[in-house]
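Coordinates in review
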Amino acid sequence: MNPTTHYTDLGLVNTKEMFQKALEGQYAVPAYNFNNMEQLQGIILGCVESRSPVILQVSGSARKYANPTLLRYMAKGAVQMAKDAGAGIPIALHLDHGDSFELAKSCIDSGFSSVMLDGSHHPFDENAAITRQVVEYAHERDVTVEGELGVLAGVEDEVSHAVSHYTKPEEVEEFVARTGADSLAISIGTSHGACKFKVKPGEKVPALRFDILEEVARKVPGYPIVLHGASTVVPEYVRMINDFGGKMEDAVGIPEEQLRRAAGSAVCKINIDSDGRLAMTAVIRRIFAENPSEFDPRKYLGPAREELIKMVKLKNEKVLGSAGKA
């Protein structure tokens, strides 16, 4: 059996203080998903340059893809990389959409500082029970836990739902009390993946259900709320992908002004995955189209990483309000 690693040994922090500061400062901490070295570098450097706290997110399948042992050392390296770049920004390593106690425990034992138990597809009582089980194990080790109530539509990694179910505000207070979770992901109209809405030309994207968010905030005042599926699906990247051989005609995301409004409320963590994928894919497609003989990964992953740095800084500064808060 492998010996356990505590996240403090890797230089990581949990999300408790991050969220408290975000609530007080009325901004949201960015939670960026990554799958490889270049994405990790881009996220860290973007947050260092904008002096933003950051939550590094990996799904269960992304952890398996990276290899859990290598991932642990990548996280430790990311912390040192930030220090070497001149900013000891707060960095958390978070399991995104953990679907079992066993997976959450494995992540905690290998150095994660925060885990999500997504039991939203279970009935309320079962969701509360399994979330509570994770909370008890995590809190003994000072690891923070995110739960989820309500179901987001869309497809991303192993998370797939055809229909969304809005969070019921009347259930939130009981869920928080029964589970002891440190934060809660709610469903107010965001969705996973790059095609978040079916919008005809000229139509506006449907507004997020801020009435639900406000009611949840009234039920559990001062409690950290999380938004999943909150990429804006940057039109510039979608256009670039389509211009250079891609096919993403229906890709549309959450408008920036709606995310800015959410970040100024009880929402103190906003998840961004699709936008990072789109930024890098757009640049790689352009390079392949313009230089079909190119086969050095550094020549296409390097520029893709630079684009991700730019995107992260822009999100932190203009959308989430986390720039300068490290």
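For the structure given in this document, a descriptive report is provided here. Remember, predicted model here, so these are calculated numbers, not experimental data.

In this model, glutamine 26 sits at a positive phi of 55°, which is unusual for a non-glycine residue. With respect to the secondary-structure elements, glutamine 26 resides in the loop between α1 (16–25) and β1 (29–33). Even without being glycine, arginine 51 reaches a positive phi, approximately 50°. Within the fold, arginine 51 resides in the loop between α2 (37–49) and β2 (54–59).

A word on the pattern of salt bridges. Evaluation of the coordinates by the stated rule reveals 18 salt bridges. Glutamate 49 is the salt-bridge partner of lysine 313, the closest N and O atoms lying 3.0 Å from each other. One end of the pair, lysine 313, is in helix α12 (residues 297–320); the other, glutamate 49, is in helix α2, with 264 residues separating them in the sequence. Note on lysine 313: relative accessible area 26%, which makes it partly exposed.

This paragraph deals with helix α8 (residues 210–219). Among the residues of α8, those classed as buried are Phe210, Ile212, Leu213 and Val216. The buried residues of α8 occupy an angular sector of 155° when the element is viewed end-on, so they sit on one face. At its buried positions, α8 is contacted by α7 (169–179), β8 (183–186), β9 (225–227), α10 (256–263) and β10 (267–272).

Time to look at the sheet that holds strand β5 (residues 144–149). Strand order in the closed barrel made by the eight strands is β1-β2-β3-β4-β5-β8-β9-β10, with parallel pairing throughout. Direction aside, the axes of adjacent strands within the sheet are offset by 25° on average. Pairing of strand β3 (residues 91–98) with strand β4 (residues 114–117) involves three bridges; the strand directions are parallel. Bridged to histidine 94 within β4 is serine 114. Packed on one face of the sheet, α7 meets β5 and β8 and runs near 150° to β5.

Okay, the packing of aromatic side chains next. Tallying each qualifying case throughout the model produces three aromatic pairs. Centre to centre, the rings of phenylalanine 124 and phenylalanine 175 are 5.9 Å apart; their planes meet at 70°, and the pair counts as edge-to-face. Of this pair, phenylalanine 124 sits in helix α6 (residues 124–139) while phenylalanine 175 is found in helix α7, placing the two residues 51 residues apart along the sequence. Its guanidinium or amino end placed over the ring of tyrosine 137, arginine 141 lies 3.5 Å from that ring's centre, counting from NZ or CZ. One Lys or Arg, arginine 209, reaches over the ring of tyrosine 166 and ends 5.0 Å from the middle of that ring.

The next point concerns the environment of isoleucine 241. By secondary structure assignment, the location of isoleucine 241 is in helix α9 (residues 235–243). In this structure the C-alpha to C-alpha distance between isoleucine 241 and serine 187, which are 54 residues apart in sequence, comes to 29 Å. Once residues within four sequence positions are removed from consideration, isoleucine 241 is found in contact with Gly246, Lys247, Met248, Leu278, Thr281, Ala282 and Arg285.

Any two packed helices are characterised by how steeply their axes cross, that is the angle between the axes, and by the distance between the axes. For the pair α10 and α12, the least separation of the axes is 9 Å and the interaxial angle reads 70°. The pairing of α10 with α12 is recorded here as roughly perpendicular in orientation. Of the residues in α12, those in contact with Glu256, Leu259, Arg260 and Ala263 of α10 are Lys318, Val319 and Leu320. Grouping the constituent residues of the contact of α10 with α12 by class yields four nonpolar, no polar and three charged.

Below, the discussion takes up α1. Helical periodicity: at 3.6 residues per turn, an α-helix aligns residues three or four positions apart in one direction. Residues of α1 that are buried: Met18, Phe19, Ala22 and Leu23. Along the axis of α1, the buried residues cluster in a sector spanning 125°; they form a single face. The outward face of α1, more than 90 degrees from its buried face, is lined by the exposed residues Glu17 and Glu24. Turning to α1, the residues buried within the fold contact β1, β2, β3, β8 and β10. Backbone geometry just after α1 places glutamine 26 at a positive phi near 55°.

Every other side chain in a regular strand lies on the same face of the sheet, so the side chains alternate between the two faces. Covered by surrounding structure in β4 are Ser114 and Met116 together with Val115 and Leu117, the residues of both alternating faces. Viewed along the sheet, the connection from β3 through helix α5 (residues 101–109) into β4 turns out right-handed. The sheet contact formed by β4 and β5 spans three bridges and is parallel. Looking at β5, one finds that methionine 116 is bridged to glutamate 146. At this point the chain moves from β4, through α6, to the parallel β5, and the crossover so formed is right-handed.

Rules behind the numbers
- Residues numbered from 1 in each chain as written.
- Predicted model: local features only at pLDDT ≥ 70, side-chain atom pairs only at ≥ 80, totals over all residues.
- Heavy atoms only, no water.
- Helix = DSSP H or I, 4+ residues; strand = E, 2+ residues; numbered from the N terminus.
- Salt bridge = Lys/Arg side-chain N within 4 Å of Asp/Glu carboxyl O.
- Buried < 20%, exposed > 50% of the residue type's maximum accessible area, 1.4 Å probe, protein only.
- Arc of directions from axis to C-beta.
- Contact = heavy atoms within 4.5 Å.
- Pairing = 2+ DSSP bridges.
- Axes fitted to C-alpha atoms, helices over the stretch in contact; angles between N-to-C directions.
- Phe/Tyr/Trp six-rings, centres within 6.5 Å; stacked < 30°, edge-to-face > 60°.
- Lys NZ or Arg CZ within 6 Å of the ring centre and 35° of its normal.
- Parallel < 35°, antiparallel > 145°, perpendicular 65-115°, else oblique.
- Nonpolar A, V, L, I, M, F, W, Y, C, P; charged D, E, K, R; others polar.
- Right-handed = clockwise from strand over helix to strand, strands pointing away.

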